[in-house]
Amino acid sequence: NYDYNNCSKIVDKIYEIYNKSSTKDIFLEIEMLVMQPAIYFALGNYEKTIEICKKAISLSRNNNLYYKLDDAYRMLAITYMLQDDFKNFELYATEAKKYVEFTGNKLNLAKIYHNYAKCENQNGKPLEAIKYLDLLVESAGEKTFYYYIEYAKAQYLMGNYYEALEALMEIDCEEKPR
């Protein structure tokens, strides 16, 4: 368990110290901005999550760096999905996927496929979810904790309760989700 309220105070202190610096490091600023949405996301503050992601995207683009854009777009996508805004989910997931494919970041590509699978399950389309889960495995090279969770949901939605239970039984409770 994490103390996200305390994390948010620490980030505020980091900004206070950084803003006193006479030299600015755009890469560090983007890194700090991309780190923050996870904190606000965990606190359920989706408005702040969206605001910070968009700020990171803007800073990155304004400086022609395109640094960490896959992370910012991915976090935007999942935030919109959890608010049932599937139009913006699709928009930002597509943007995230473009940057992930450009950088070759297989871990983030697997995360994006997980987000798509989660979205399809949420929309009652388990067969589509399974297609994205297959892509997740292809990208990650293994079946992850998140794979089994979404696969179990898909099987459950299709009425395959035994298969859903089998999938959940594959989860290693000692493994830390990544």
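It should be noted that the structure appears before, not after, this text.
The model shown is predicted, which means the values in this text are computed figures rather than measured ones.

## Examining helix 2 (residues 26–42)
Because each turn of an α-helix spans 3.6 residues, side chains separated by three or four positions end up pointing in the same direction.
Item 1. Its 17 residues place the ends of helix 2 25 Å apart at the C-alpha level, agreeing with the 24 Å of an ideal helix rising 1.5 Å per residue.
Item 2. The residue sitting at the N-terminus of helix 2 and contributing the capping side-chain oxygen is D25; that oxygen lies 3.0 Å from the backbone nitrogen of F27.
Item 3. Just downstream of helix 2, G44 is the residue with a positive phi angle, here 80°.

## Notes on a nonpolar patch on the surface
Item 1. A cluster of nonpolar side chains, namely Y156, L157 and Y161, defines an oily patch on the protein surface of about 360 Å² accessible area.
Item 2. Of note, L157 is situated in helix 8 (residues 145–157).
Item 3. Its relative accessible area of 45% is what places L157 among the partly exposed residues.

## Quick word on unusual backbone geometry
Item 1. Backbone geometry places K68, a non-glycine residue, at a positive phi of 65°.
Item 2. Secondary-structure assignment places K68 in the loop between helix 3 (46–62) and helix 4 (69–82).
Item 3. For K68, a relative accessible area of 25% gives the class partly exposed.
Item 4. Notably, D84 is not glycine yet its phi reads approximately 60°, a positive angle.
Item 5. Structurally, D84 is set in the loop between helix 4 and helix 5 (86–103).

## What to know about helix 3
Item 1. Taking 1.5 Å per residue, 17 residues should reach 24 Å; helix 3 reaches 24 Å between its end C-alpha atoms and fits that length.
Item 2. Residues of helix 3 that are buried: T49, I50, I52, C53, A56, I57, L59 and S60.
Item 3. Buried positions along helix 3 lie against helix 2 and helix 4.
Item 4. Looking at the residues trailing helix 3, positive phi occurs at N64, about 50°.

## Focus: the packing of aromatic side chains
Item 1. Applying the stated criterion across every chain yields a total of 13 aromatic pairs.
Item 2. Centre to centre, the rings of F27 and Y67 are 5.1 Å apart; their planes meet at 80°, and the pair counts as edge-to-face. In this pair, F27 sits in helix 2 while Y67 sits in the loop between helix 3 and helix 4, placing the two residues 40 residues apart along the sequence.
Item 3. The class for F27 is partly exposed, based on a relative accessible area of 44%.
Item 4. Centre to centre, the rings of Y147 and Y151 are 5.5 Å apart; their planes meet at 10°, and the pair counts as stacked. In this pair, Y147 and Y151 both sit in helix 8, four residues apart, roughly one turn of the helix.
Item 5. By relative accessible area, Y147 is classed as buried at 5%.
Item 6. Given a relative accessible area of 22%, Y151 falls into the partly exposed group.
Item 7. Grouping aromatic residues by their ring pairs yields a cluster made of Y66, Y73, Y80, Y92 and Y99.
Item 8. Of note, K24 hangs over the ring of Y18, and the distance from its end group to the ring centre comes to 4.5 Å.
Item 9. Lying across the ring of Y40, K48 places its NZ or CZ 5.8 Å from the centre.

Reading the values: rules and limits
Residues numbered from 1 in each chain as written. Predicted model: local features only at pLDDT ≥ 70, side-chain atom pairs only at ≥ 80, totals over all residues. Heavy atoms only, no water. Helix = DSSP H or I, 4+ residues; strand = E, 2+ residues; numbered from the N terminus. Expected span 1.5 Å × (residues − 1). Polar contact = N/O pair within 3.5 Å; in protein donor to acceptor, adjacent residues only side chain to side chain. Patch = residues over 30% accessible without salt bridge, like charges linked within 9 Å, V, L, I, M, F, W, Y side chains within 5 Å. Areas by Shrake-Rupley, 256 points an atom, 1.4 Å probe, with all protein chains shown as cover. Salt bridge = Lys/Arg side-chain N within 4 Å of Asp/Glu carboxyl O. Buried < 20%, exposed > 50% of the residue type's maximum accessible area, 1.4 Å probe, protein only. Contact = heavy atoms within 4.5 Å. Phe/Tyr/Trp six-rings, centres within 6.5 Å; stacked < 30°, edge-to-face > 60°. Lys NZ or Arg CZ within 6 Å of the ring centre and 35° of its normal.

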